[in-house]
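Report on the structure
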Amino acid sequence: MTEKVRKLSVVVFLVFLFNFLFSVESTAEERVVGVVFSADIPVYHEVHKKFLNKLRKTGYTKKIKFLYQKPNPDSLAWSNAVRKLIAYDATILITYGSGATEAATYETANIPIVYTLVYDPVKSGIKGRNLYGVGYSIPVTSLLRYLKRTTDVKKLGVLASEIEPSSKTQAKHVSDACKDFNMEKVLLNVKNEEEIRIKLKLFSFDALFITDSALLAKSITSIFRIINERSIPIVSTIQGTEDYSLINLHPDIDEIANALYRTFLKVIKEDRKVKGKREIVQRSKLIYNMKISKRLGLQPSIQLITGADRIIK
Amino acid sequence: MKRVIKGILVSVFSLMVIFNAYAQDHTLLIGLIPEQNIFRQFQRFLPLTEYLSKKIDREVKLTILSRYGDIIDRFSSRNMDGAFFGVLTGYLAIKKMDVEPSVVPIELDGSSETSGYIIVRRDSGIESVKDMQGKVIAFVDRATVRGYLFPIIYFKRHGINDIKTFFKEFYFTGSNDASVYAVVDGRADIGCVKANIYEAILARDPTLRKELKIIATSPLMPLSVLCLKKSLPEKLKTKITEILLNMKNDKEGKEVLKRMELKGFRRASMNDFKVVDDIFRELNIDPETYRY
C-alpha cells in the first residue's frame, strides 16, 4: 500500500512538474497582445486583417495570443475594455481609433500602446510615455474644394464626436478651412447616437461633413437615413462609408497596415534604438459616388471622374 | 451600248474619286494633345478652328488625342495635316516625320515659354530630393519634357539614376491638372506639372497656394508648337502661319484669342527645341528609339 502510495505520489508529482514546466514554457514563448477597436466597424477589421497577414509571414503570430475587445463607442466602454486586457496580462496593447487610444493612455503607462487610425495625433493630443503608433493626415480642404465644385454649399454641417480627439481635431480643421471656401460652418458636436439624430434634425445645412470617428462610422446608416430625406450630400473621411457619401477621401489602408506592422515589430522586439515612435501616413484614396450624384441631380464633376481612385456607378 | 454604259460608269467613278479628293483636300485636320483635361482643351481650341476655316476657306477640324504619345503614332494614321505638339512630341515628330514648326502660342502675360515644376504639399515635410525617397511621384506622361524628362534629369543630377528603386511608386496622370490634384488630395506625394497650367489652376483657386509648394523649376520651353505637314502646299502653310501671326491685329481674331486666353502667336523655329535636344544628349537617349 505504502509502495503504491509512493508510486502514485511520484506520478502526481511528475504530472504537476510537467504541467508547471509546460505552462512556464508556454508563457515564455507566447505573449498576450490586447487589441481594442474603438467600435466594431469595417475599417478597423480591414486594417487589422492586413496587419495580421504581414505579421504571419514573419512567424510572429505563432508566438502571440491576440485578445480582442470591440466595445460600443463610448468613453466608459473603452476604459473597461482596456482594463480587461490589462487584467488578462496583455504585454502590448494595439488600439484602433483615437477614442480607445486615449482611454488606453489613461489606464496604463507601463504597457506599450501601439495606436493606429488616429488623425493628426499631435494636434489631437495623443501622448504618453509608452506610446507608439500610426497616425494619418488628410487634406480636408480637398473634400471641400470638390464639394464646392459639385454643388453650391453655403452652410456646411460638420458632424463631430465630442468623445474622440481625432474627430474634434478634424472638425476644427474643417471649420478653419470653411472660411477659405466662403462657407458657413454648423458644428454638430455629439456624444452618442441619440444626439446625432436630434442634432441632424434640429439644424439646417446644405451638405454634411462627417469627421473621422468610430461613433459616427458605427451610426452611418441612421445618419444617412436622416440626410437622405433632405436630399443633401455627405462627404466623409472614413473608409467604409463610401456607399453613403458623395465624396470620400480616406487614408490609404494598405499604407496604414504596413506602418502598423513596422511599428509593432519595433515594439515587440523592444528595439529602443529605432528612431521615431510615430509614423504619419499621408497617402489617401479618393472615391466619387456617381450613384448619389445622380440621385441628388448634381452635375457630374469631370475632375472627380478623372481624379478618383474609384467611382461608384 | 455596253461600251457607252462602261464609259458612263468609269466617268461617274472618276468624278466620285475627284470629288472625294476635293472634299479631303478641303478639310484640314489639326491634332491636340491632352495638356489639360480633354473637354477643357477641346473647348479652348474650337474658336480657332472656326476662325481658320473662314480665313483659309477650308474646313478645319480638331482631333484630340487621349494621351501625349498618341499624337506621334496617330499623326499619320489619322491623316493629320498639323498638330499643336508639346515640345517633346514636336521634337520627336520633326525627327521622325515630315513636319515643320509653324507658330508658338503667346500667353496673356506675353510669354510664349513656360517651365516645368516639381511640386509637393506644404505639409508633406519634403524640402529636397533626399526627403523624396520611398514616396509616390505622379508624372504627366512619358511623352512630355516638363512632366517627365525634366524631373528624370533633375533626379539624375541629384544622384538618383533609378526612379524605380528610389520612389515607392510612380505613375502617369495623363494631364497636368490631374498631376496637381493628385498632390493636393494626397494621392501622390510629389507631382510634375507645366508651370503655366499650375499657375492657372492657382489663379482659379487661390486656396491652393497655401497647400502647395514648388521644389524645382525647369528651364523655359515653348508652351506648345503648331507643326504642319511638310507635304502641304507651300502657299497654304505660309497662309496658315501668317493668319495666326496676324490674328491679334484683326477684331475677329482678337475675340478668338480672348476666348482662348491667348495674346497671339509667334513664329516657331528649330531653336525652340534646343532644351529638349540638350536633355536627350545628357540622358544619352536616341530620339528615334525613345519609348514614349
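The secondary structure content of chain A amounts to 12 helices and 13 strands. Burial statistics for chain A: of 313 residues in total, 54% are counted as buried. Across chain A, every contact between residues at least 6 apart in sequence was considered, and the portion connecting residues at least 24 apart equals 68%. Per element, the accessible surface of chain A, about 15,000 Å² overall, is 53% carbon and sulfur.

Per the secondary structure count, chain B includes 11 helices and 13 strands. Overall, the C-alpha framework of chain B stretches about 85 × 45 × 35 Å when taken along its three principal axes. Looking at chain B residue by residue over its 292 residues, the buried ones come to 56%. Counting contacts in chain B only where the partners sit at least 6 residues apart, residues at least 24 apart contribute 78% of the total. Surface exposure of chain B reaches about 13,900 Å², of which carbon and sulfur atoms provide 54%. With 46 positive and 37 negative side-chain charges, chain B shows a separation of 4 Å between the mean positions of the two kinds.

Let us look at the confidence of the model for chain B. Residue and element names in this part refer to chain B. Per-chain confidence: chain B averages 88 in pLDDT, with 90% of residues scoring 70 or above. Looking at the elements of chain B, mean pLDDT is at its lowest for helix α1 (residues 2-25), recorded as 46, and at its highest for strand β6 (residues 116-121), recorded as 98. Every residue in residues 9-24 is under pLDDT 50, and counting partners more than four places away or in other chains gives 0 contacts. Across the assembled chains, the prediction reports ipTM 0.75 with pTM 0.79.

This part is about the domain arrangement of chain B. When the parts of a complex come together, some accessible area is lost, and that lost area is often taken as the interface size. All names here are of chain B. Here chain B is partitioned into domain 1 (2-112 + 222-282) and domain 2 (116-218). Each side of the interface is counted separately: domain 1 has 18 residues, and domain 2 has 18 residues. Around 1,600 Å² of area is buried between domain 1 and domain 2 when both sides are counted, 54% of it from carbon and sulfur atoms. Its largest share of buried area at the contact with domain 2, domain 1 owes to Tyr68, Ile279 and Glu282, together 34% of the area lost on that side. At the junction of domain 1 with domain 2, the criterion picks out 1 salt bridge. Close ionic contact of glutamate 282 with arginine 157 constitutes a salt bridge, the shortest N to O distance being 2.7 Å. Linking domain 1 with domain 2 are 4 residue pairs in polar contact (both at pLDDT 80 or more), by the criterion used here.

Residue-level contacts link 19 residues of chain B with 18 residues of chain A. Of all residues in chain B, Tyr181(B), Asp185(B) and Arg187(B) bury the most surface against chain A, accounting for 35% of the area lost on that side. Our enumeration of links across chain B and chain A arrives at 16 residue pairs in polar contact (both at pLDDT 80 or more).

Rules of the game
- Numbers given to residues run from 1 along each chain, matching the order in which its sequence is written.
- Chains carry letters from A onward and ligands carry numbers from 1 onward, assigned in written order.
- Side-chain atom pairs in this predicted model are given and counted only at pLDDT of 80 or more, local residue features only at pLDDT of at least 70, and totals for whole chains, interfaces and linings cover all residues.
- No hydrogens and no water enter the side-chain calculation; it runs on all heavy atoms of the structure.
- Strands are runs of DSSP state E lasting at least 2 residues, helices are runs of H or I lasting at least 4, and numbering of each runs from the N terminus.
- Whether a residue is buried, partly exposed or exposed follows from its accessible area with a 1.4 Å probe, protein chains only, as a fraction of its type maximum: under 20%, in between, or over 50%, in that order.
- Any two residues having at least one pair of non-hydrogen atoms within 4.5 Å are treated as being in contact.
- Residue exposure ignores everything except the shown protein chains as possible cover, and the areas themselves are Shrake-Rupley values with a 1.4 Å probe.
- Only four residue types enter the charge count, namely Lys and Arg as positive and Asp and Glu as negative; His and the chain termini do not.
- Lys charges are placed at NZ, Arg charges at CZ, Asp charges at CG and Glu charges at CD.
- Looking at any residue, its pLDDT shows the predictor's confidence there, from 0 to 100.
- Marked domain ranges trace back to an automatic or database domain assignment.
- When two parts are put together, the accessible area they lose, computed with a 1.4 Å probe and summed over both, is reported as buried area.
- What makes a salt bridge here is a side-chain nitrogen of Lys or Arg within 4 Å of a carboxyl oxygen of Asp or Glu, nothing more.
- Under the rule applied, a polar contact is a pair of N or O atoms within 3.5 Å (in protein, one hydrogen donor and one hydrogen acceptor; residues adjacent in sequence only if both atoms are side-chain atoms).

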